[in-house]
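So the chains spell out like this:
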Amino acid sequence: MRRVLVPAAALLAAGLVPAAAQRPSTPDLTCAQARAVVLRQGSAVLGTGGPTYDRFVRDRSFCEATEIGKRAFVPTRDTPGCFVGFTCYEPGPGDRFGDF
C-alpha cells in the first residue's frame, strides 16, 4: 500500500496530477464566465465557495439515463444567484418532471 501512495504524492507535487483546488471557483468568475465553462465542456465540476463544489451540466444528455436535471444557481463575482446549468439527480416519488 505504501508503494502506491508515495508515487501518487510525488506526481501530485510535481504537478502531473491536477489537484482538486485547481477547479474553477464560481465566486472568482463572472456569471457569463461560469456559464461559458459549463456550455463549452457540457459537464464541469465547479467550486461554489470554500470547500464546496458540484457537477454542473449543460443539459440532461450529460446525466445518467434515470436522472433528471434540476436548474442550478451559484454565487459568482457579479451575481449572487447565477444560472449556470443543471445538476443531475435521481427523482423521487414526489417529483413532477424535475421542473422546479
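Every chain begins its residue count from 1, and numbering advances along the sequence as written. Given that the model is predicted, a residue must reach a pLDDT of at least 70 before its local features are reported, and side-chain atom pairs must reach 80 or more before they are shown or counted; all residues, however, enter totals for whole chains, interfaces and linings. Note: side-chain values were computed over all heavy atoms of the structure, leaving out hydrogens and water.

Asks: Can you walk me through the overall build of the protein chain in this structure?
Replies: Each helix and strand counted, the protein chain has 2 helices and 4 strands in total. The order of helices and strands in the protein chain, counted from the N terminus, is α-α-β-β-β-β. Per-residue accessibility, obtained with a 1.4 Å probe over protein chains only, is compared with the maximum for each type, and a residue is labelled buried under 20%, exposed over 50%, and partly exposed between these values. Burial status across the protein chain gives 26% buried among its 100 residues. A fraction of 39% describes how many contacts in the protein chain between residues 6 or more apart in sequence connect residues 24 or more apart. Computed with the Shrake-Rupley method and a 1.4 Å probe, the accessible areas treat only the protein chains shown as cover for residues. Of the roughly 6800 Å² of accessible surface on the protein chain, 60% is carried by carbon and sulfur atoms. Only DSSP runs of H or I with at least four residues qualify as helices, and only runs of E with at least two residues qualify as strands; both kinds are numbered from the N terminus onward. Contact between two residues is taken to exist if any of their heavy atoms lie within 4.5 Å; hydrogens are not considered.

Asks: Looking at this structure, how should I read the state of the cysteines?
Replies: Formally, a disulfide is one covalent bond, and it connects the sulfur atom of one cysteine to the sulfur atom of another. By definition, disulfides here are pairs of cysteine sulfur atoms that lie within 2.5 Å. The final tally for this structure, using the stated rule, is 2 disulfides. For Cys31, the disulfide goes to Cys82, at an S-S distance of 1.9 Å. Linking Cys31 and Cys82, the disulfide has an S-S dihedral of approximately 80° and is accordingly described as right-handed. On the criterion of sequence distance, the pair formed by Cys31 in helix 2 (residues 31-41) and Cys82 in strand 4 (residues 82-89) is long-range, its members being 51 residues apart. Cys82 carries the same exposure label as Cys31, and that label is buried. Numbered by order of appearance in the sequence, the disulfide-linked cysteines of the protein chain pair as 1-3, 2-4.

Asks: It is not clear to me how the pattern of salt bridges should be interpreted in this structure. Could you clarify?
Replies: Oppositely charged side chains are able to pair whenever their charged atoms sit close together. Salt bridges, as used here, are contacts in which a Lys or Arg side-chain nitrogen is within 4 Å of a carboxyl oxygen on Asp or Glu. Within the structure shown, the criterion is met by 1 salt bridge. Residue Arg58 pairs with Asp59 through a salt bridge whose shortest N-O separation is 3.7 Å. For Asp59, a relative accessible area of 29% translates into the label partly exposed.

Asks: How should the packing of aromatic side chains be read in this particular structure?
Replies: Each aromatic ring pair is summarised here by two numbers: the centre-to-centre distance and the angle between the ring planes. Each aromatic pair joins two rings of Phe, Tyr and Trp (for Trp, the six-membered one) with centres within 6.5 Å, and gets the label stacked for planes under 30 degrees apart, edge-to-face for over 60, and tilted for any other angle. The tally for this structure, following the rule as stated, stands at 2 aromatic pairs. On the numbers, 5.6 Å between centres and 55° between planes, the contact of Phe73 with Phe83 is tilted. Of this pair, Phe73 sits in strand 3 (residues 68-74) while Phe83 sits in strand 4; the two residues are 10 residues apart in sequence, bridging distant segments of the chain. Site record: aromatic cluster; members linked through ring pairs are Phe73, Phe83 and Phe86.

Asks: I would appreciate a short explanation of the environment of Ala44 in the present structure.
Replies: With respect to the secondary-structure elements, Ala44 resides in strand 1 (residues 43-49). You can call Ala44 buried: its relative accessible area is 4%. Sequence separation between Ala44 and Pro24 is 20 residues, and the spatial gap between their C-alpha atoms is 9.1 Å. The contacts of Ala44, once residues within four sequence positions are left out, are Val37, Val38, Asp54, Arg55 and Phe56.

None of the figures reported here should be taken as evidence of function without further support.
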